[in-house]
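Topology and contacts: notes
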2 protein chains.
Amino acid sequence: MNRLNKSGYHSINGIILHPVGIIHNTITEPSLVAGKDGLIMQAGHATMVERVRKTDTEVSRIVIREDLEGILEGIEEYSHLVVLYWAHAVPDERRSLTRVHPMGRKDLPEVGIFSTCSPARPNPVLTTVVRLVGRKKNMLEVTGLDAINGSPVIDIKPYVSEFYPREGVSIPAWMQQIQDEIGRAGGNFY
Amino acid sequence: MNRLNKSGYHSINGIILHPVGIIHNTITEPSLVAGKDGLIMQAGHATMVERVRKTDTEVSRIVIREDLEGILEGIEEYSHLVVLYWAHAVPDERRSLTRVHPMGRKDLPEVGIFSTCSPARPNPVLTTVVRLVGRKKNMLEVTGLDAINGSPVIDIKPYVSEFYPREGVSIPAWMQQIQDEIGRAGGNFY
C-alpha cells in the first residue's frame, strides 16, 4: 500500500477528497452516535425508527459548488440518484471501531463494521439512493437522504436499477430482522 | 463550506481517506482514460464491451489491512457487497472535467459528469456491487468488481436489495441504450 501513483495517492498521506457541495435539511441530530465502546442509539428505539422513516419524505437540498458549472447537466432525466456524503458528525477517533452491535442494539449480534452500514467506519463515506424531486440551477431537491444538515457531498451518481441484483441475494438474519421491523428502503443506520 | 467540524473536515484541506485495503486482479488497463478534452475509449468498442463483461466473472481479491482485524466479522453471511474504491488511474488534473460524452462515444450526448458513472469525476470514489465468493482471513474473493489491479479500497458495505428501488425508476434514453447494448448489471464505465 506504500506507494505513489498517478492520482497522487500515498498510503501515508492518504487520499484527499474535495467536497462538491453541501446538504441542507432539518435533520440536525445523528440517530446514532459512536461512543468509544460502540454505537449509542439517540433517544429510544421508537423515536429512532421514526427518524429513519422521516428521511423517506424529508426534502433535502443539495447545493453543488458553483465552480462545477455544467456538472449536473442532464441529471433531471434520472428519477433517482446515488448520493455519496461524508458523515462529518463521526469524530475521527471513532473511525477506528472495528466491531459494533448494529444500531447499538445489544439484542443484535456484534459484527464487523463492514458487515454493517454503521456511520462509524474507517472512511465514513455514506451512500444513499435518493429520489430527485427537483433542480434549480446548482441545487437539487431530493427525498430519502439520511444525512444530517451540513454534511459535505463527495459525489453524485446516476441510479440505474440494472446495476443492483435482485436474484440470489442473501443477508444475515439480524439484518433481515431490522428490514422487517423498520421496513425502510435504505439507510446508513444498521 | 469553509468550516471546521468534529471530523476535522476543512474545505481548504479537504477530507482525508485512509485506504482500508487494496484490490488485486488481472485487469491492468482502465477501459476508459480521461483526456484533457474528455473520455477516451481504450481499444475499440467491442473490446471495451468485452472488458466490461469480463468483470462479471473475473475474480478479484480484496486484501484488507491486517490492523483492521475483526472488521470483516460476519461478512460471509452476505451474498453481495458494495465496494467503494479509489480510481487511482485517474490523474488529479482530470478530476476537474465537468462534461463528457459517456464512454467517450461522440454518438452519445455530452452530459454532466454527475449524470454519468465516468471514473473521471471530482472525487473518483467508485462504487460497485460485487458477489462475495469466498473469504480467507483478511482477504475477500469477489466477482463483478470493475476496478483495475492495485486500486485502493475505501470502504466495504453490505448489499441489501431493499435499499434499492425498482418501481418508478427512470433513466435517460442514452443510458438505456448502453444498458441494452452491453446488458451488464453495473459498471463505472458510462
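This write-up is about the structure you can find in this document. (Residues numbered from 1 in each chain as written. Chains lettered and ligands numbered in written order. Predicted model: local features only at pLDDT ≥ 70, side-chain atom pairs only at ≥ 80, totals over all residues. Heavy atoms only, no water.)

Focus on the side chain of Ser-60 of chain B
Residue and element names in this part refer to chain B. Examined against the element boundaries, Ser-60 turns out to sit in strand S5 (residues 59-64). Here Asn-25 takes part through its side chain, which lies 3.1 Å from a polar atom of the side chain of Ser-60. Other than its neighbours up to four places away in sequence, Ser-60 contacts Ile-23, His-24, Asn-25, Leu-140, Glu-141, Val-142 and Leu-145. (Helix = DSSP H or I, 4+ residues; strand = E, 2+ residues; numbered from the N terminus. Polar contact = N/O pair within 3.5 Å; in protein donor to acceptor, adjacent residues only side chain to side chain. Contact = heavy atoms within 4.5 Å.)

Quick notes on the interface of chain B and chain A
With 87 residues of chain B at the interface, the matching set in chain A holds 86 residues. Surface buried jointly by chain B and chain A totals about 7800 Å² across both partners, of which 58% is contributed by carbon and sulfur atoms. Taken as a group, Ile-15, Phe-114 and Phe-163 of chain B account for 11% of the area that chain B buries against chain A, more than any other trio of residues on that side. Our enumeration of links across chain B and chain A arrives at six salt bridges. Residue Arg-121 of chain A pairs with Asp-155 of chain B through a salt bridge whose shortest N-O separation is 2.8 Å. Those elements that provide at least two residues to the side of chain B that touches chain A are strand S1 (15-17), strand S2 (21-24), strand S6 (80-86), strand S8 (111-112), strand S9 (125-136), strand S11 (152-158) and helix H2 (173-182) of chain B. Among the elements that make up the side of chain B that touches chain A, the one with the highest residue count is S11 of chain B (six residues). Of the residues assigned to the side of chain B that touches chain A, the class counts are 46 nonpolar, 25 polar and 16 charged. (Buried area = accessible area lost by both parts, 1.4 Å probe. Salt bridge = Lys/Arg side-chain N within 4 Å of Asp/Glu carboxyl O. Nonpolar A, V, L, I, M, F, W, Y, C, P; charged D, E, K, R; others polar.)

Let's talk about the packing of aromatic side chains
Given two aromatic rings, one states the distance between the centres and the angle between the planes to describe the pair. Per the stated rule, a full pass over the model turns up five aromatic pairs over all chains. Taking 6.5 Å as the distance between ring centres and 15° as the angle between the ring planes, the aromatic pair formed by Tyr-159 of chain A and Tyr-164 of chain B counts as stacked. With Tyr-159 of chain A in the loop between strand S11 (152-158) and helix H2 (173-182) and Tyr-164 of chain B in the loop between S11 and H2, this residue pair bridges two chains. The same class applies to Tyr-159 of chain A as to Tyr-164 of chain B, namely buried. Residue class for Tyr-164 of chain B comes out buried when judged on its relative accessible area of 9%. Taken together, the aromatic side chains of Tyr-159 and Tyr-164 of chain A together with Tyr-159 and Tyr-164 of chain B make up a single cluster linked through ring pairs. (Phe/Tyr/Trp six-rings, centres within 6.5 Å; stacked < 30°, edge-to-face > 60°. Buried < 20%, exposed > 50% of the residue type's maximum accessible area, 1.4 Å probe, protein only.)

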